[in-house]
Number of protein chains: 2
Amino acid sequence: MLDKKHIQHFESIVSKENVYSDKAHLIAYSYDATRTRFEPEAVVFPRDEQDISDILKYCDTHGIVITARGAGSGFTGGALPINGGIILGLEKHMNKILEIDMENMVAVVQPGVINMDLQRAVEAVGLMYPPDPASEEYSTLGGNVSENAGGMRAAKYGITKDYVMALRAVRANGDIIRAGKRTIKDVAGYNIAGILIASEGTLAILSELTLKLIPKPKFTKGYMGIFPSVDDAMNAVFKSLSAGANPVAMEFMDALVVQALKEKLGIDLPADAGALLIGDVDGNVPEEVAFQLETLEASFKENNAQEFIVAHDKEHRDELWIARRNASQSITIFGSKKLNEDISVPRSMLPEALKAIYAIGDKYNFKVPCFGHAGDGNIHVNVMVDGTSQEQLNKGHEAIEEIFQMVVDMGGTLSGEHGIGTSKAPFMGIAFNDEEIQLFKDLKNSFDPNNILNPGKMGLPS
Amino acid sequence: MLDKKHIQHFESIVSKENVYSDKAHLIAYSYDATRTRFEPEAVVFPRDEQDISDILKYCDTHGIVITARGAGSGFTGGALPINGGIILGLEKHMNKILEIDMENMVAVVQPGVINMDLQRAVEAVGLMYPPDPASEEYSTLGGNVSENAGGMRAAKYGITKDYVMALRAVRANGDIIRAGKRTIKDVAGYNIAGILIASEGTLAILSELTLKLIPKPKFTKGYMGIFPSVDDAMNAVFKSLSAGANPVAMEFMDALVVQALKEKLGIDLPADAGALLIGDVDGNVPEEVAFQLETLEASFKENNAQEFIVAHDKEHRDELWIARRNASQSITIFGSKKLNEDISVPRSMLPEALKAIYAIGDKYNFKVPCFGHAGDGNIHVNVMVDGTSQEQLNKGHEAIEEIFQMVVDMGGTLSGEHGIGTSKAPFMGIAFNDEEIQLFKDLKNSFDPNNILNPGKMGLPS
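Residues numbered from 1 in each chain as written. Chains lettered and ligands numbered in written order. Predicted model: local features only at pLDDT ≥ 70, side-chain atom pairs only at ≥ 80, totals over all residues. Heavy atoms only, no water.

**A look at the overall build of chain A**
- Within chain A, the secondary structure is distributed over 16 helices and 18 strands.
- Its C-alpha atoms give chain A a radius of gyration of 23 Å, near enough to 23 Å, the size a compact globule of 462 residues would have.
- Once the C-alpha set of chain A is aligned to its principal axes, its extents read approximately 70 × 60 × 40 Å.
- Of all 462 residues assigned to chain A, the portion counted as buried reaches 63%.
- Within chain A, residue pairs in contact and separated by at least 24 positions form 72% of the contacts whose partners lie at least 6 positions apart. (Helix = DSSP H or I, 4+ residues; strand = E, 2+ residues; numbered from the N terminus. Rg over C-alpha atoms; globule rule 2.2 N^0.38 Å. Buried < 20%, exposed > 50% of the residue type's maximum accessible area, 1.4 Å probe, protein only. Contact = heavy atoms within 4.5 Å.)

Right under this line is the structure:
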């Protein structure tokens, strides 16, 4: 446990009501979406950037480790205090939208702002913040930046890193750093904002984010393609995109997901559907929307689509999307525990990657329903196991390891949008060689020489 | 001079014909576009990545400094060997387009490939590589990445960093590092590719670039807006963009540039033109192009445009662009030497920034013609002085310093696309505080602890 004098010092910085050290609160802050549990020794809520600086400076001197936390909705343990120390809770006070600059199409926010709160605020004035992770209703923008969150709209609009113009952050020693500008171009000095994105709170604590906005598209339509097989659907993905289609989203569901949607939720889908692609297209003029739909339809049909459906109105579009929105919860019919990984491969490798994933599932005798953001090559692979059986869990992890090796061999990555944290840390050696991991260590050491910021994550030393 | 044994060792790595140490060649490799001169002690041409690794490992052990060089076309001295040592010439052997992957819309190139060679190769197969710096006919992609080059099309399509998917690079100690993937999403490990972009050859030597391509737009039209004043034109820039226009380019020329174009080149422009905006719009369908032009025209007219001209065919479009293409060379009528800086400000600050620039020019009694990429907030500011007068040069530099201070105060940056190198290094203290510069030093030290890679650039230690 943290010495009482440390608690008192934190209280002197942020005031008494902003430090928790009672058991109930420590338990409340010990979880994230991985459902594993590590108790912090205290939870401290900075009120502003200067508080963060004062806390970090003190911790750096006294060797107290710090894990930043927004909503704790991450899938890889980024916000878990695996080495104890303090949780720096950024959701309590540092949750304000500071500015929506319509002239430059930029928002300035604190790290604890919930993604959807920003989306709603900017849409109300005709703008859009595109990154829309599935956790958008509760995850924070600080967490989104720290994990470089993706989302449905990445196929056309890219991911969080494409919207970070500038960051303010606090180094382990308490130094306050400004990185980037509210300008489109900026090549003065090293790209510090670029290295802080996806660094999982291991290099610095974000204190302010300047995010790019775009004009809200005027026309949007939903579509669904129904395919006899996963292979046909995967071919349709990359062939339609290289034919010039630029859909906002192109989401994939395989035959097992279709089966689960029918069985568990009674969703009405064709009997012979072997895979679905669901998405939206948008544009400033109806003719652009029509161009996108025509390009998709032609490509889908060339790749054996049985049906290509265009939503005729908003209700119909919502109906088409029901399948995708319920994919994750429906697949529990195949096992009480899903080992959920978010691999990403070059899009042309999707057909081969899916074949290999199913073959690995067959080998281990697990169902592996897959769905996700096919339009950007990012697939959520779910190895379904009996969560009460340690043997099944072990075998499941072996299957995951084989999948990761295959993905990396195909030029893909361990994680498209969830990060590494603790849960993927054991697989870092598949993706990176010793020299590359040494560079990560050197970089971490240069920002945080006493290793107080989220140590032990991403396969780095505890 | 480099000891003969070092020269012999380099010859043993790359073979004798790939090492120059004769005076004529050392002079030939002592220049860049800044027209300042620093002779290297040898020029070494690696044939492949392994050569780079062998050279760096040797240099790291023996304390020999290395400056990477592509075409030597940089404006800020990035490729100048200001501390002697060797030039690593990447244009001789490492100049191949290795792959154009049409299925994933990705190109893999060596660092010495000339930008326009890639543009031509991908356009031949219906794709586009958008970054188009003015040096596109001779600058190399390795140099473009190292300086994060911009260009005309940045307003819609962004800059070099937006097209770097993955890099291979060699660290100072010879370690070969792979950073990034041929995938849209990748959040495994630190964003090493992100920090190498714009690092001016100070962190590692790039050995291979994987670059994103996009489908070539189907329809393009050129436009020109003629305004009575710079202020009206600058208002039209940010107001048209926040109204939803998304032009490929929106280039600006002020009254002095217009005067110079008329006087020096006899280009036919209206007598009362106080500023021009010239650019292109594009789209997949003609209606999108029309939407863009209508949005621009409405906004331009609301901001007092005297004329809004749409090119009726390719020849007419080329005619409109003549003014922009000749801006740089025409302004020499105002002084034999131009002190050329590429400041960038948030777009809404453009009207105020231009006013302040002219006021500084008046104070020092210099003409300061301005032109450039207004659509992304990046303006080329040219303080015109008599290059034979040291007093004028000194006063010119004072004016530049005042301009930088004003730009930074407005939330802008020292450099939109040229980098810092040596020429802007004296101004780093205007843009960054001691803590930020310390972070740059720590970062540099973590990649290159013996400081052999392009030391002394960006205000970092020699």
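**Observations concerning the packing of aromatic side chains**
- A complete count under the given rule lists 24 aromatic pairs over all chains for this structure.
- With a centroid separation of 5.7 Å and 90° between ring planes, the pair formed by Phe440(A) and Tyr190(B) is classed as edge-to-face. In this pair, Phe440(A) is assigned in helix H16 (residues 434-447) and Tyr190(B) in the loop between strand E9 (176-180) and helix H7 (192-196), connecting two distinct chains.
- Overall, the relative accessible area of 4% leaves Phe440(A) in the buried class.
- Note on Tyr190(B): relative accessible area 5%, which makes it buried.
- Aromatic side chains Phe300(B) and Phe308(B) sit 5.5 Å apart centroid to centroid with 80° between the ring planes, which places their arrangement in the edge-to-face category. (Phe/Tyr/Trp six-rings, centres within 6.5 Å; stacked < 30°, edge-to-face > 60°.)

**Some remarks on the interface of chain A and chain B**
- Contacts between chain A and chain B engage 80 residues on the former and 80 residues on the latter.
- Here chain A and chain B share an interface that buries about 6,800 Å² over both sides, 60% of which is from carbon and sulfur atoms.
- Here Asp376(A) makes a salt bridge to Lys185(B), at a shortest N to O gap of 3.0 Å.
- On inspection of chain A and its partner chain B, the count reaches 32 residue pairs in polar contact (both at pLDDT 80 or more).
- Going through the elements one at a time, strand E9 (176-180), helix H7 (192-196), helix H8 (230-242), helix H10 (286-302), helix H15 (428-431) and H16 of chain A are the ones with two or more residues in the side of chain A that touches chain B.
- Take the side of chain A that touches chain B: its biggest share by element is 10 residues, from H16(A).
- A breakdown of the residues in the side of chain A that touches chain B according to their chemical character gives 33 nonpolar, 28 polar and 19 charged. (Buried area = accessible area lost by both parts, 1.4 Å probe. Salt bridge = Lys/Arg side-chain N within 4 Å of Asp/Glu carboxyl O. Polar contact = N/O pair within 3.5 Å; in protein donor to acceptor, adjacent residues only side chain to side chain. Nonpolar A, V, L, I, M, F, W, Y, C, P; charged D, E, K, R; others polar.)

**What about the confidence of the model for chain A?**
- With 100% of its residues at a pLDDT of 70 or more, chain A shows a mean pLDDT of 96.
- With a pTM of 0.96, the predicted complex shows an ipTM of 0.96. (pLDDT = per-residue confidence, 0-100.)

**Thoughts on the sheet that holds strand E1 (residues 19-20) of chain B**
All names here are of chain B.
- Strand order across the open sheet formed by 4 strands is E1-E2-E4-E3, with mixed pairing between neighbours. In this open sheet, the two strands that pair with only one neighbour each are E1 and strand E3 (66-69).
- Relative to strand E4 (residues 86-89), E3 is paired through 4 bridges, and the arrangement is parallel. Pairing of Thr 67 across the sheet is with Ile 87, part of E4.
- Against the sheet, helix H3 (residues 49-62) engages strand E2 (42-44), E3 and E4, with an angle of about 165° to E4. (Pairing = 2+ DSSP bridges. Axes fitted to C-alpha atoms, helices over the stretch in contact; angles between N-to-C directions.)

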